[in-house]
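# Structure assessment
Each chain, written out:
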Amino acid sequence: MSNLTNQNQPPLNEDDDDDVILYLDRSNLSETIANHNFIVLHFESHKSYKKAASILNSNDPPIVLAQVDVEKDDNKYLITQYDISYYPTVIIFRDGGKEMVKYGQGPHYALGIAASLKRSFGPYPIHITSALQATNLIGHQKIAIIGVFPELRGQEYDNFLAFAEKRLVWNDSDFGYTMDAKHLPLGDTSVSGPLVRMFKPFDDLFADTMDFNDDALMIFFEKAGTPIVTMCDEADQTKYPFMATFQHSRHIDRAMLFTNLRGEDFAVFQSKYREVAEKYNGNGIRFMLGDLDGEASRGAYLALNAPHSETPMIVIRQKDKPKQSCLIKYVKVNLEPDDIAPWVEDYMAGKLKPYIRSQPIPQENNGPVKVVVGDTIDEMVWNSRKNGGFKKLDLILEDVGVHFEKDPDVVIAKINKNCNEIPRKTRNSIGLLLSSINPELYFKTASGKIEKYGGLETKEDIIDYINKKKENINEVC
């Protein structure tokens, strides 16, 4: 299970209030669900949920937000029972548990959580019968999706309701439908439908589609609902939903420019960057402009292993692909505004090399302990046909290296993980935690088998271990 970081959550200054959350465990969970017509169950302890619970508690009628700690041994069975594979996961139980709907990957901040759950509680989507209703639903610095239908029945109508229901919770967009487009503030008011019109507080302000296929609606929702340039600015809470959408768009290439949003040259950066974004809009790449002083931006470029000390910079992360063993990214550091267009053009033309954080390759590497860096890890470790110790921190193995210096079947190597990027395939294969501060020693045989060394860190024990585990290169080949 991966515990996702709540990068989109705004700061909350209010005191936490444990009384508004109903804490459940194995002993009372089933009974509590059975006694409520509507109850929301979540599995992540965070102050955003406490604030959301306080908001929901004042709803008329109150909405009950409950929490279960699935890390406790007695409650771990719920992970399997409810198929909890990521956080946040929220389950809504209706009619005493007879109906259950599970949601995930939505707003991580209190107001967004509360608004999403309120929508699920009442009649939804909203039937718009007047211009006032439309005004109340549209134009609140977020996206509204309105279906226009000549009659409230038929395949298109049913598909729209099903699409809205799937995105009812964990989505900051509002859904509605109407039989009269004249109630809507923008777009052609003479249409009778069926069509879907999206209203948005950015770019061209609205967009239409007449394709009611579920996949087509999802593509329309993501494409039309993403700004040409997403602003990652934590000072503006209205930007949070669009930041979340951008971060979850792993099926498409994503460009991220990190600079000081309040710097003297910001206006020039913004103008040049938007020109590029408009040029390549719809060409399989999305654009975000992030604030160097914001926690969300800082978390993004740290997670990308980008050289955050050499800003402004632009990073392009390639879309995730099936069986992809490592994160593929391209980086331009110490960026100037006039660098943006030619660099992105070179990326789109396939002229750039992927970025790997690496110390310089040693000019001489003939010592008993070989030095591995980010740019040589494949050649010296994964593509090597030799047996070798693969060291992650600076534990000196000079004596061991001297012992095996003339052995053609063995190489001893070390790498500084703080200065060199360890590819994801390597980390996953050996179970390496980048946050670990302890020295770690791994052994890879000539045939590619890897195991972590767990013996005593003495010359004699390590030499004995290697002699027992090593394979003859000629026999392997």
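Attention here is on the structure that accompanies the text. The shown structure was predicted, so the numbers you read here are calculated from the model rather than taken from an experiment. (Residues numbered from 1 in each chain as written. Predicted model: local features only at pLDDT ≥ 70, side-chain atom pairs only at ≥ 80, totals over all residues. Heavy atoms only, no water.)

This part is about the packing of aromatic side chains. Going through the model one piece at a time under the given rule, you end up with 9 aromatic pairs. Put simply, the rings of Phe-149, Tyr-157, Phe-160, Phe-163, Phe-175, Tyr-177, Phe-212 and Phe-221 pair up and form one aromatic cluster. Directly above the ring of Tyr-77 sits Arg-26, whose terminal nitrogen or CZ lies 4.4 Å from the centroid. (Phe/Tyr/Trp six-rings, centres within 6.5 Å; stacked < 30°, edge-to-face > 60°. Lys NZ or Arg CZ within 6 Å of the ring centre and 35° of its normal.)

What follows deals with the side chain of Thr-226. Take Thr-226: it is sitting in the loop between α7 (214-224) and β11 (229-232). Residue class for Thr-226 comes out buried when judged on its relative accessible area of 8%. Sequence-distant contacts of Thr-226, defined by excluding residues within four places in its chain, comprise Phe-202, Asp-203, Thr-245 and Arg-286. (Helix = DSSP H or I, 4+ residues; strand = E, 2+ residues; numbered from the N terminus. Buried < 20%, exposed > 50% of the residue type's maximum accessible area, 1.4 Å probe, protein only. Contact = heavy atoms within 4.5 Å.)

Here we come to the sheet that holds strand β13 (residues 285-291). With mixed pairing, the 5 strands of this open sheet are ordered in space as β11-β13-β12-β14-β15. Of all strands in the sheet, those bounded by a partner on one side alone are β11 and β15 (329-332). Neighbour-to-neighbour, the strand axes of the sheet open up by a mean angle of 20°, direction not taken into account. Note that strand β12 (residues 253-259) and strand β14 (residues 313-317) share 5 bridges and pair antiparallel. Each residue of the ladder has a partner; that of Leu-257, found in β14, is Ile-314. Its contacts with the sheet put helix α9 (residues 266-280) on β11, β12, β13 and β14, and the angle it makes with β13 is roughly 165°. (Pairing = 2+ DSSP bridges. Axes fitted to C-alpha atoms, helices over the stretch in contact; angles between N-to-C directions.)

Further remarks concern the pattern of salt bridges. This model, assessed by the stated rule, comprises 7 salt bridges. Between Asp-208 and Arg-197 there is a salt bridge, and its shortest N-O distance comes to 2.8 Å. Taken together, the residues Asp-208 in strand β10 (residues 206-209) and Arg-197 in strand β9 (residues 195-199) connect sequence positions 11 residues apart. A relative accessible area of 0% means that Arg-197 is categorised as buried. For Arg-274, the salt bridge goes to Glu-278, with nearest N and O atoms at 3.1 Å. Taken together, the residues Arg-274 and Glu-278, both in helix α9 and 4 residues apart, mark about one turn of the helix. By relative accessible area, which is 29% here, Arg-274 ends up partly exposed. On the accessibility criterion, Glu-278 (45% relative accessible area) is partly exposed. (Salt bridge = Lys/Arg side-chain N within 4 Å of Asp/Glu carboxyl O.)

Counting residues in each nonpolar core, the largest one holds 23 residues, and the members touching the most others are Val-229, Tyr-273, Phe-287, Leu-289 and Ile-340. Elements with a minimum of two residues in this core: β11, β12, α9, β13, β14 and α11 (340-348). Here this core takes 6 residues from α9, the largest share from any one element. Leaving out residues up to four positions away in the same chain, Ile-340 has contacts with Leu-257, Phe-269, Lys-272, Tyr-273, Val-276 and Leu-335. Within the second largest apolar cluster, 19 residues are counted, among which are Phe-149, Phe-160, Tyr-177 and Phe-221. (Core = buried A, V, L, I, M, F, W, Y, C linked by side-chain atoms within 4.5 Å.)

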